[in-house]
Amino acid sequence: MSEPRVSRSQARRLLAAACAQNGVCTGLLFGFAALRPHLNSLDGSSDEHVSQTFTIAAAANMLAPLLLVGPLLDLCGPRVCSCVCTSLVACGFALFGASPALPGHEADYVLPAMLLIGVGGPGCQLCLFHIANLFSARGMALNVITASIGASFVVFEGLVRLR
C-alpha cells in the first residue's frame, strides 16, 4: 500500500503543530519548580509532601515510555498514542484546576494530578517523532521537535500567574 504524498506546506504545518503539542504537553513536570511555593501554601501540604509528589511523578515520567507509550505506539500507532497521552495530561490539569472545589484538602489532589501529567507527557513527545519522516532533513526536523520541549517549562509559570 503506498502512502499518500504530503506537500511541503502540509509537512511544515504538521511540524509546527507537533512543536506546539510538544511545547504544551511534554516537559510539564520539569516546570514543577514554579509551582512549589504555591503548593507549599496549600492547606494540608508540607515541603516534604511536595518533594515526595515531585519524586513520584518524576519516576512515573521516566517509566511511562517503557510501560505505556512503547506498547501503545506498537499496538495502536502514533495517532491513538497522541490522543491517549494528551488526554492524560488534560485530565491531570483538570484535576489540578478543580482541586479547590473538590472535597478534602486541596493538596490531596496534587499527586494524582501530577502523576497523570507525568505519565502522559512522554507519550505526547514520542508519538511526534514520525513526523520527521516527511522531511529530507530528518535530523533537523527531529531537533526542532525535541527543542520545542523547552517551551513546556514555562507552562507552570503561566499557571502560577493565573492562580
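Residues numbered from 1 in each chain as written. Predicted model: local features only at pLDDT ≥ 70, side-chain atom pairs only at ≥ 80, totals over all residues. Heavy atoms only, no water.

With that out of the way, let us pick up the pattern of salt bridges. Tallying each qualifying case throughout the model produces one salt bridge. A salt bridge links aspartate 47 to arginine 36; its shortest N-O distance comes to 3.0 Å. Placement of the pair is aspartate 47 in helix H3 (residues 47-76) and arginine 36 in helix H2 (residues 36-40), with a sequence separation of 11 residues. Judged by relative accessible area, aspartate 47 falls into the partly exposed class, the value being 44%. (Salt bridge = Lys/Arg side-chain N within 4 Å of Asp/Glu carboxyl O. Helix = DSSP H or I, 4+ residues; strand = E, 2+ residues; numbered from the N terminus. Buried < 20%, exposed > 50% of the residue type's maximum accessible area, 1.4 Å probe, protein only.)

Here threonine 53 is to be found in helix H3. Apart from the residues within four sequence positions on either side, threonine 53 is in contact with Val110, Leu111 and Met114. (Contact = heavy atoms within 4.5 Å.)

Turning next to H3. For H3, spanning 30 residues, the distance from its first C-alpha to its last is 40 Å, which sits close to the expected 44 Å at 1.5 Å a residue. Considering only its buried residues, H3 is in contact with H2, helix H4 (78-98) and helix H5 (110-126). With its phi angle positive at about 95°, glycine 77 sits one or two positions after the end of H3. (Expected span 1.5 Å × (residues − 1).)

Glancing now at the layout of surface pockets. Taken as a whole, the largest pocket holds about 830 Å³ of empty space. Lining the largest pocket are 24 residues, with Val6, Leu14, His130, Ile131 and Leu134 positioned closest to its centre. Looking at the lining of the largest pocket, the elements that each hand over two or more residues are helix H1 (8-25) and H4. No other element matches the seven residues that H1 contributes to the lining of the largest pocket. Here the lining of the largest pocket is built from residues that sort into 13 nonpolar, six polar and five charged. (1 Å grid on protein atoms, 1.4 Å probe; cavity = no way out; pocket = protein on both sides within 12 Å on 5 of 7 lines; lining within 4 Å. Points joined across faces, edges and corners; volume = space filled by probe spheres on them. Nonpolar A, V, L, I, M, F, W, Y, C, P; charged D, E, K, R; others polar.)

This part covers a nonpolar patch on the surface. A cluster of nonpolar side chains, namely Phe30, Met62, Phe153 and Val154, defines an oily patch on the protein surface of about 410 Å² accessible area. Relative to the elements of secondary structure, methionine 62 occurs in helix H3. (Patch = residues over 30% accessible without salt bridge, like charges linked within 9 Å, V, L, I, M, F, W, Y side chains within 5 Å. Areas by Shrake-Rupley, 256 points an atom, 1.4 Å probe, with all protein chains shown as cover.)

Right, let's talk about the confidence of the model for the protein chain for a bit. With 97% of its residues at a pLDDT of at least 70, the protein chain reaches an overall mean of 87. Confidence, read as mean pLDDT per element, is least for helix H7 (residues 155-162) in the protein chain (73) and greatest for H4 (93). (pLDDT = per-residue confidence, 0-100.)

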